[in-house]
Every structure is written in C-alpha cells, then in structure tokens.
Amino acid sequence: MRTAESQTDLQDRVERLVTDTFVKRLADGVVGRGTTSCHSPLTGGGHLAELPEADDADVAAAFDRARAAQRAWAAVPVRRRAAVLLRFHDLLLRRQDEALDLIQIETGKARLSAHEEVMAVAVSARHYGRRAPDYLRPRRRLGAIPVLTQTSELRQPRGVVGHISPWNYPLELSVGDALPAFAAGNAVVMKPDTEAALTALWARRLLIEAGLPEELWQVVLGEGPVVGPMVVGRADYVVFTGSTRTGRTVAQSAAARLVGATLELGGKNPMLVLDDADLDKAAAGAVRGCFANTGQICVGIERILVHASVADAFTTRFVEATKAMRLGASLDYGTDMGPLVSATQLDRVVRHVEDAVSHGATVLTGGKARPDLSAFFYEPTVLTDVKPPMLVCEEETFGPVVSITPVADDAEAVARANDTAYGLNAAVFSRDGRRARRVAARLRTGSVNINEGYAAAYGSVQSPLGGMGDSGVGRRHGAEGIWKYTESQTISHQRVLPLAPSLGMDDRRYAALLTFGMKALKSLRVR
Ligand code: NAD
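Worth saying up front: this structure is predicted, and the values here are computed from it rather than measured. (Residues numbered from 1 in each chain as written. Predicted model: local features only at pLDDT ≥ 70, side-chain atom pairs only at ≥ 80, totals over all residues. Heavy atoms only, no water.)

Among all positions in helix α15 (residues 410–417), only Asp410, Ala413, Val414 and Ala417 are buried. Each buried residue of α15 sits inside an arc of 95° when the element is viewed along its axis, so together they form one side. Of the surrounding elements, those touching the buried residues of α15 are β10 (269–273), β11 (301–307), β14 (401–407) and α16 (433–441). (Buried < 20%, exposed > 50% of the residue type's maximum accessible area, 1.4 Å probe, protein only. Helix = DSSP H or I, 4+ residues; strand = E, 2+ residues; numbered from the N terminus. Arc of directions from axis to C-beta. Contact = heavy atoms within 4.5 Å.)

Next comes the structure, spelled out in structure tokens:
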C-alpha cells in the first residue's frame, strides 16, 4: 500500500478548481433563500462551497417553474428530446475531466471509480438517446372487436418527477437517472445530497448546453428530512435512491398521495466462489467488487461465500491482492481506493469492524483507520469467522469491509446468499458458465454478475437493474427504466358498429353473436 500526493498540494488543486466564481456559475438558477455548505473528503472534510438552501416556498416555486416548462417540453417530438441526450453524451465524454475532478472532490473516490460513473452516464445517454423514440412510440393493440375497434397504447409523461439522490454516485444517480425522465417528456425537481450537489449542478449546466430547456431541471438543496418531504409532497412521480430506512418513509408519503415511486435502496450483496472458479480472477474480481468506490456502492460485495475446498487458496490470493492495493487521496489516476466520504461514514465502518472483532471475528487484513493518508481513510478490510448477530452480518456496512465464509456446496452457498432481507446484487465465480447461470437463477437478487462483481450487469443498460425485497421497488435501465416515467394511456376508436345490439338485432341474438365471435377468436389463436 502506498500514499499519493501531499495534502497541501491537494488542497491547492481543489481550491483552484472550486472557486467562488465557478460555484456561482453552477448554482445559477438554483432557488433558495438560505445557505448550506458542502465539504470535501479529499481534504479531510475541508469547506468547499456555500450553496442556496431551499425552504417550502422555494420548493413550491421550483415546482411551478418545472410544471410550466414541462407542458412545452412534452409537445416537443420525442426524437428532438432524445437528440439532447446524444449531444450530452458527446459533451460529457469530451469534458469528462471536469466531471472526474468534481466527483473526486465531492466523494474522495479514486479517479478510476469516478470514471466508471462517467461511463455509466454515457451508456445511459446513448441508450435512451437512441432508443427512446422506439420505447415511447404509440403501439397498435388488438381492439375489443378486431377491425371494428382500433386501439393504440400511448406513453404520456408523468409531469414533474421528484428526484432524491444520495452522495455516493453524484453523477450517475443525478443526471444518469434523470435522462430517461427528460426523454419521456417530464420535468425534474431534484434534491441531491448537499455533499454531492456540485456534480449534479455541473451536469445540469452541461445538459442545458446540450439543449435541455433551462427551467426543466430544477435543483433544490437542504437537509434531507426537511427538503425531501417538500419534494415528495409535490411530485407526480418519485425517484428515490438511498438507504432502506429513508426509502420506507418516502414510499409511505408517496403512497398516501397515490403517486408512484421507484426506490433504489441498500444491499448486503454476496459473491459466491464455486470450487471450479479461476481463483486468481476471483480474487481480482473480489477486490474490484468489494473496494471500488471505497466500498460505498449499493451493488458492491460485502459477503464472500467460498467453497470450503478452495477457501484457503482463494483467501490467500484475495488477502494478498487487497494488501497490494494503492491507497491515497489524489486527483490523479493511479490509486485504487480513496477515503470514505465523511466522518459519519468512517464512524459506521469503525463501529462495524469493532463490533465484529469483539464478537470473535478475525481481521485478515486492514481493520484500521488511516489518518496519515487523510482524515476519513479506512483500510480495505477482510474479515473471517463472522456470524450473527454481528453488525457486519445483519446490516449494510457501506464501506471497504468484507467477510469470507466457507460453504460446503452450491446449495449452502445459495441458501446463505439468500438469507437476508436485501436482494440487490450478487456475483458468481466459476469456470463453468452453465453451472454459474444455474446458480445465478436461484439467487434472490435483482442482478447477478458471473465472473465480475457488479459492473457487467450495471453496464448492460438494455436490461433492467434494481432490487428485490428490502433493496427496493422498480428498476432503472431498459424499457422499465423509461416506462416508469410515463403513464400508459389506451385510446380505442370504435368504428362502424357500436358495442351494443344494432341493425335491428335483439339482445339474445347479439349475445349469441358475441359468444360465437369469442369462440372463433380462440380457434383462430388470436391473442
Ligand atoms: P439516505 O437515505 O440517508 O439519503 C439519501 C437521500 O435522501 C439524500 O439526498 C438525503 O438528503 C435524502 N433524505 C434523507 N431523509 C429524507 C427524508 N425523510 N425524506 C426525503 N429525503 C430524505 O442515504 P445515504 O446515506 O445518502 O446513501 C447511502 C444509501 O443509499 C446506502 O444504503 C446505499 O446502499 C443506498 N444506495 C442505493 C443505490 C441503488 O441504486 N440501489 C444506489 C446508491 C446508494
């Protein structure tokens, strides 16, 4: 393990990048009479910027502006709306360094982890930029009486989407999730976490540069429990990404208003190492799966279940690979893991590891805070001998901590993997693709990656991604990821004859005719 650039150099670079003028430009158009501050974990929690804080009247004004803009936007042909996403894709790739700097400054993550976010957003922009017109086009449906009834299904925008996002993926979970909402003709009022707001605001400016009408994306900032409910209380649809605990509160508020909600929540994701796995690949995959984004990733791996026959060999490789990780707070490529995002997050990780050790867990590597690297640093940590009721078994840690548990066979691996209320993501390592896919299908998680930790499924943007059980409701990506931002509408045009006795026919003959027609349709295999 080694450190990166000095704290003073880093502080200078951050100050040169996040100037008052820069912040003012980003916050242009953000409503709020109060002020709220954000900080950088890269500089040990140093003050970064002051931003406008919204009160109830500010949030109401943001919704009014969004609503007015949405009516005009919904009338813009979907191809032109989608073209904005394609232009955004190009701008984002061209100006990715600006995004990478901001993401790193706000979250502390390694530059390659930040780059992963840029890629995720670009993939989404390309996908919905190209596919939205097809996903949203009116579709002919079989009418009540074929030929006489002409039916089509339309996708109408919901209106104004209330969008609440956490700090851990500030680009992907802000603009990445909002792109299909815009393509579908909606406006968005977003409340990002204040600690990650600059990235969201930067993305907003870039999307406006790509052609999004300025008023269509409103950002409001402030304390989650204060400003969050103001957004949920006015939205026509809610998109929430965050903890399961807050997600339940948000779901209740949305349900009381009878508006739909997508909830992308926490996980306690397992990785299964089968006895035929390539152990070098499994160890390298585990390092990526467990420690990317400093372990603060909803789809990251927190439990490894390994066949007992290969447990020692796998563990040796994995521990070695973990020890070789390059740690450091840096704005350059070349480190594998940065600091945690905040003191709160560090406290949580320390508490989980101390609790595990006090109940008999063994630390194979890591297990220490590293204030010498920067204030919120914690070493990538591998535990074994973990068992309930240790916190690491029951709760999401959301940090660079993983446990290894040997299992007798595939059946025990599957049973243990599924023994949690969460159901977000899983990984299976095996040389036998068919066997791995069989095991994958028995896992109760929204995504399963074979021979990779999370990125294979996350990057497969045509296919839905989300959680089962306590990990959430609804999906991002694919058709579901854009249809959720629409209300389906059925339009049926009854032609020539009404759906009632006519042309002098009495009720009995009409009923008999309908019955005959019904049988004929089945015989003709009409669906
Ligand atoms: P959090 O629930 O504390 O906060 C998430 C967002 O909700 C923040 O913007 C916060 O200000 C806001 N908020 C807080 N209280 C609110 C309330 N009462 N009403 C409305 N909004 C409120 O979560 P966090 O600690 O910021 O994020 C980490 C969690 O997010 C982890 O559990 C992680 O697994 C989860 N997460 C899930 C996904 C996914 O796609 N499934 C992705 C990223 C993170």
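In terms of strand pairing, strand β1 (residues 34–40) meets strand β2 (residues 46–53) through seven bridges, oriented antiparallel. Residue pairing across strands places serine 37 opposite glutamate 50, the latter belonging to β2. The turn linking β1 back onto β2 is made up of five residues, and glycine 44 within it adopts a positive phi angle of 65°. (Pairing = 2+ DSSP bridges.)

Residues in close proximity to the ligand total 26 residues, the closest being Ser165, Ser243, Thr246, Leu265 and Glu396. A distance of 3.1 Å separates an oxygen atom of the ligand from a polar atom in the side chain of tryptophan 167. Lysine 191 places a polar side-chain atom, nitrogen or oxygen, 3.0 Å from an oxygen atom of the ligand. Elements supplying a minimum of two residues to the shell around the ligand: β5 (160–165), α9 (224–232), β8 (237–241) and α10 (244–256). (Near = heavy atom within 4 Å. Polar contact = N/O pair within 3.5 Å; in protein donor to acceptor, adjacent residues only side chain to side chain.)

All right, on to the environment of threonine 365 then. By secondary structure assignment, the location of threonine 365 is in strand β12 (residues 362–365). When its relative accessible area of 6% is taken as the criterion, threonine 365 is described as buried. Separated by 115 residues in sequence, threonine 365 and valine 250 place their C-alpha atoms 38 Å apart.

Turning our eyes to something else, we now look at the pairing of strand β6 (residues 187–192). Counting buried residues along β6, six of its six residues qualify, which places the element largely inside the surrounding structure. Residues Ala187, Val189 and Lys191 point to one face of β6 and Val188, Met190 and Pro192 to the other, with burial holding for every one of them. As judged from the six bridges shared by β5 and β6, these two strands associate in the parallel manner. Bridging across to β6, serine 165 finds its partner in proline 192. With respect to chirality, the unit in which β5 leads through helix α7 (residues 172–183) into the neighbouring parallel β6 is right-handed. (Right-handed = clockwise from strand over helix to strand, strands pointing away.)

Before going further, it helps to spend a moment on the domain arrangement of the chain. Looking at the chain, the domain boundaries give domain 1 (13–265), domain 2 (269–460) and domain 3 (502–527). Its C-alpha centre places domain 1 at a distance of 51 Å from the equivalent point of domain 3. (Domains from an automatic or database assignment.)

Each strand in a sheet pairs with another by means of backbone hydrogen bonds, the pair being arranged parallel or else antiparallel. The antiparallel open sheet is built from three strands, whose spatial order is β3-β4-β20. A strand with exactly one partner marks an edge of an open sheet, and here the two such strands are β3 (139–141) and β20 (486–494). Each neighbouring strand pair of the sheet contributes to a mean axis angle of 30°, computed without reference to strand direction. Direction of pairing for strand β4 (residues 149–157) relative to β20: antiparallel, over a ladder of nine bridges. Bridged to leucine 154 within β20 is glutamine 489. (Axes fitted to C-alpha atoms, helices over the stretch in contact; angles between N-to-C directions.)

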